[in-house]
Amino acid sequence: MKLTKLLVVALCTSLFISCSDDDDKTNDPKGVYDNGVFILNEGNSSGGSVSFLSDDQSTFTANVYSTVNGNDYIGTYLQHIFFDGDKAYIIAGGSNVINVVNRYTFQLLAKIESGLKTPRYGVVKDGKAYVTNANTYAYANPETGDTDDFIAVIDLKTNKVESTIPLNGTANRIELANNKLYVSEPYSSDAIIVVNPNTNQVESRIAIGYDADTMEEEDGILYVMRSPYGNRSEIVKIKLADNSISKVTLGASLDGAKNLDIENDVIYFTVNTGVYQMNRTATTAPTTPVFEYTSTSDYGKMYGFAVNDGRIYIADGGDFASNSKAYIYSLNGTLEKELTVGVGPNGFYFN
Amino acid sequence: MTAKKYILLLVLFVSQLILAQHDSINRLQEVLVSDRNLQQFSESQTILQFNDSTLTQNEALLTDLLNFNSTLYFKEYGRGMLSTVAFRGTTASQTAVIWNGININSQMNGSTDFNTISGADFNSVSVKAGGGSVIYGSGAIGGSVHLNTDLAFGNRFENQLKIDYGSFNTQGIHYKTNYTTQKWSTQVGFSRNSSTNDYDYIGRYNWKGEPLWNQNGEYEIIGFNANLAYQLNETNLLQFYSQTSNTDRNTSLVSPTETKSKYVNGFNRNLVSYTGNFNGLTTNLKMAYITEDYHYFPEIESPNYTYGKTTSWISKADLGYHITKNFNLNGIVDYTKTKGYGSGFGDHSRDITSVALLTKQQITDRWQTEYGIRKEFTTNYKSPVLFSVGSTVGFGNFYHLKINLSRNFRIPTFNDLYWEEGGNPDLKPENSYQAEIGNVFSFKKISLTQTFYYYKIDDLLRWVPANNGIWAPQNTDKVNSYGTETLLNWNTHFGENHISCNATYAYTVSENRETKKQLFFVPYHKTTASIAYGYKKAAITYQFLYNGMVFTQSDNDPSKIVPAYTVSNIGIDYDLKFLNTFKIGFQVLNLWNSAYESLENRPMPGRNYNLYLNLKF
């Protein structure tokens, strides 16, 4: 049994090597999973999965990781995928693991298995990954649960955590912009934490209020969606040159707005089952959705959302105990594709 | 077990199947049962009883005993870890666990973890299939498991000591002493079970090809109990039962990189009972004080923990009256005050008063009926009127027909009502109407029980994601559960050869009425079998378990299952005949080294061994 496993690993490795050899020589797809979108399914306590749909929507694989890597355990509560070169990094938050796979073949290459503590999201800069870690939570650790979050700095050559950046706050999403790292957290943080990756120090905290979650940078401005419970949502615009703040306040019917995504100078976001859009420079918010989709899920509405290349991708969390759905719409709301993916789909990653 | 002591009490109550070996000494004594209603008002249902010798012959923790000998399905988070039950396709909190007549399911999560109970702490364990809320209250839907301390009078002084040592540094020690006179009966016991529990996962390797093993699976369970009965005079009897236990367990890891956590939980139970018999009127007054608590350490190295604790005062008056020779009437009033506090659900209390009426009528020699009705009064939720109707008819000596109809419920727990955040104070109890027909065939030394049942369960509680990312319980699901149970028992002896065969089979369909899907973690098929052969002072036992495939997702995705598995154990023992009993035994567990699990990524151990010494003096 053990020998067989080793052979599989050896085979995988050789496949990977041959693939990367091919990379430089041809313009053909670099692997089965080139030119398409991965749908990350966070899964339940027994583990998550990754689904794949090709760009031409002709090929769909419900569970790419298992298809390629057999019964290797990907981990629980898959949170995020980030890319670097020809590699994809799959964060399993419940297992303190990042699975490193070839992004085109999905062959497992390595695992980052130490130095992580409830890892959440990651970005890459200059061969290093910066991954937020929630560490302990305040419900169990009232003293330091809300201040012990950190960024793990991972050397992607060795796949080892080489240092950590304590944040003295809570951390979740992370963006790289302006050569700096911007960290938000939607429950216990009232600021965007700015980290300088050259010094690995927290540089400043931009106080924008609690409940800030999704963000994206465009043209030197960081757009952050904030949606305080029972209060008006707002899109906060941080000018990165001087950290000055302006904002667009959304109407009361848009309370609970989330999933900010900017594509071609248009800001997309969601409220309940509706998709909204507004010009990036607009100073007033829309009041009617472009379209809505149907969901029976209480909490899992718009559990994953992305806009890419003229299409809108929606993942529905369903009941979190069975395979759920992902939908692909045109920008004007025509349903193009409906997919049955895994449990708790929470994100789309374009390859 | 020496051959001489194999005794089958096939027909104690005609309709009940007793599956056990019974000490001949005990048989001659009148046993003081702590829970009279179990025998009096449950004759139209099937009860499977395991006595002393069976309890000490099986593995220490109750999960193993019941898994290998009954139709109950268990879901274990690895060996010795959290173990929950599904009985007749119901949920973990729809099987009531009853200690000496008192319902002891957790007030916090509604269920009982069968790996925190050491079977040898009790004199008998009974499994009653079917509804029992009229007598036992919340959770007796799928059935109930009864943990009983049986006391007896008579001049005796007996000690029993059992010592186990097995693979993975598994150790068990159990000691029980009985001192009884004509008026007094005392029983004091102590048990400790522990294991390093670091078994290899058969055929499982990590991505580097290194073998995987059970990490962070250590456990230790300590129990102490003291019990007392005093016969004041012909008519007045006092009984006292006390039990305390602490379980200290790490939680085994699914993958070695997970954060190591541990869970410590304990309970303390005290019960005083007075029984008076006055010319056909029986008075039973009970007062119980029960506490349970847990501490969860999300990180082993850190002193931080979350906790919960509940305390319950239970007062119960049970008056029985023989109106005529063939007509019994029992009225029961009880009052329970439960306080709960913890890091998850604040500080709350609830008061429940209930009134129940039970009757039993012997219509003819061969035909009897039982009726029961119960209503609870509480401010915390709306409580339905519960009922139970049952009838037993004998046709000759070889066939009995049993019919039972009942309405049962499961009340919301402290977690369901008050969890912060998400607790839903507006929950209704889960509600079940159920019917069953049992056919009992007795032929010479063979007994066969075949039961068909049908349940209609509404307002099933499930924690679902609600507003703002918080999970909250809702009365969402509607389930139909139906199936069949077969129990077969054959005991015989010729000369100094003794043979005992037992088998069970359960076919279970538990279907969500809206989606038409089987509930996850309910197997369609489960079967157990055991055969014991004794010759003079030696005995050999073989146990077999087949557990059918279960779905792990509510959509019944065929690729998301826990596959079917079979496990077998074999054991031999020999009585060296020092003292009263000086038995040395050896068991091979999972004899065929099957790689199995009852929950995904929670492998159970391969072939492993246990050596034991069982002394009575």
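Worth saying up front: this structure is predicted, and the values here are computed from it rather than measured.

## Here we look at the confidence of the model for chain A
Working step 1: For chain A, the mean per-residue pLDDT works out to 90, and 92% of the residues sit at or above 70.
Working step 2: The low-confidence segment residues 1–25 of chain A (pLDDT under 50) makes 18 contacts with residues lying over four places distant or belonging to another chain.

## Observations regarding the sheet that holds strand S18 (residues 234–239) of chain A
All names here are of chain A.
Working step 1: Spatially, 4 strands are ordered S16-S17-S18-S19 in an open sheet, and the strand pairing comes out antiparallel. Edge positions in the sheet fall to strand S16 (212–218) and strand S19 (244–249), since each has one partner strand and no second. This sheet shows a mean twist of 20° between the axes of neighbouring strands, independent of strand direction.

## Focus: empty space enclosed by the protein
All names here are of chain B.
Working step 1: By the definition in use, this model includes 14 cavities of 30 Å³ or more.
Working step 2: Estimates place the volume of the largest cavity at around 570 Å³.
Working step 3: Lining the largest cavity we find 43 residues, and of these Glu59, Ala60, Leu61, Asp64 and Arg79 sit closest to its centre.
Working step 4: Of all the secondary structure elements, the ones that give two or more residues to the lining of the largest cavity are helix H3 (52–57), helix H4 (62–69), strand S4 (73–76), strand S11 (156–166), strand S12 (170–180), strand S13 (184–195), strand S34 (565–575) and strand S36 (608–616).
Working step 5: By residue number, the principal contributor to the lining of the largest cavity is S12, which donates 5 residues.
Working step 6: For the lining of the largest cavity, the residue count by class is 16 nonpolar, 20 polar and 7 charged.

## Remarks on H4 of chain B
Working step 1: Among the 8 residues in H4 of chain B, 8 count as buried, and that is most of the element.
Working step 2: Residues Leu62, Thr63, Asp64, Leu65, Leu66, Asn67, Phe68 and Asn69 of chain B constitute the buried set of H4 of chain B.

## Some details on the environment of Gly75 of chain A
Working step 1: As for its position among the elements, Gly75 of chain A is in the loop between helix H2 (64–69) and strand S4 (78–84).
Working step 2: Discounting chain neighbours no more than four positions away, the residues touching Gly75 of chain A are Gly47, Gly48, Ala92 and Ser95 of chain A.

## Comments concerning the environment of Val271 of chain A
All names here are of chain A.
Working step 1: Here Val271 shows up in strand S21 (residues 266–271).
Working step 2: The class of Val271 is buried, set by a relative accessible area of 6%.
Working step 3: The spatial distance from the C-alpha of Val271 to the C-alpha of Leu250 is 11 Å, given a sequence separation of 21 residues.
Working step 4: With residues near it in sequence (within four places) discarded, Val271 still touches Ser253, Leu254, Asp255, Ala257 and Tyr276.

## Quick word on the sheet that holds strand S26 (residues 325–330) of chain A
All names here are of chain A.
Working step 1: Read across the sheet, 4 strands follow the order S24-S25-S26-S27 without closing on themselves; strand pairing throughout is antiparallel. Two strands close off the open sheet at either side, each with one partner strand: strand S24 (304–308) and strand S27 (335–340). With strand direction ignored, the average angle separating the axes of adjacent strands in the sheet is 15°.
Working step 2: Pairing between S24 and strand S25 (residues 311–316): 5 bridges, direction antiparallel. By the bridge assignment for S25, Phe305 is matched with Ile314.

Procedures and definitions
- Residues numbered from 1 in each chain as written.
- Chains lettered and ligands numbered in written order.
- Predicted model: local features only at pLDDT ≥ 70, side-chain atom pairs only at ≥ 80, totals over all residues.
- Heavy atoms only, no water.
- pLDDT = per-residue confidence, 0-100.
- Contact = heavy atoms within 4.5 Å.
- Pairing = 2+ DSSP bridges.
- Helix = DSSP H or I, 4+ residues; strand = E, 2+ residues; numbered from the N terminus.
- Axes fitted to C-alpha atoms, helices over the stretch in contact; angles between N-to-C directions.
- 1 Å grid on protein atoms, 1.4 Å probe; cavity = no way out; pocket = protein on both sides within 12 Å on 5 of 7 lines; lining within 4 Å.
- Points joined across faces, edges and corners; volume = space filled by probe spheres on them.
- Nonpolar A, V, L, I, M, F, W, Y, C, P; charged D, E, K, R; others polar.
- Buried < 20%, exposed > 50% of the residue type's maximum accessible area, 1.4 Å probe, protein only.

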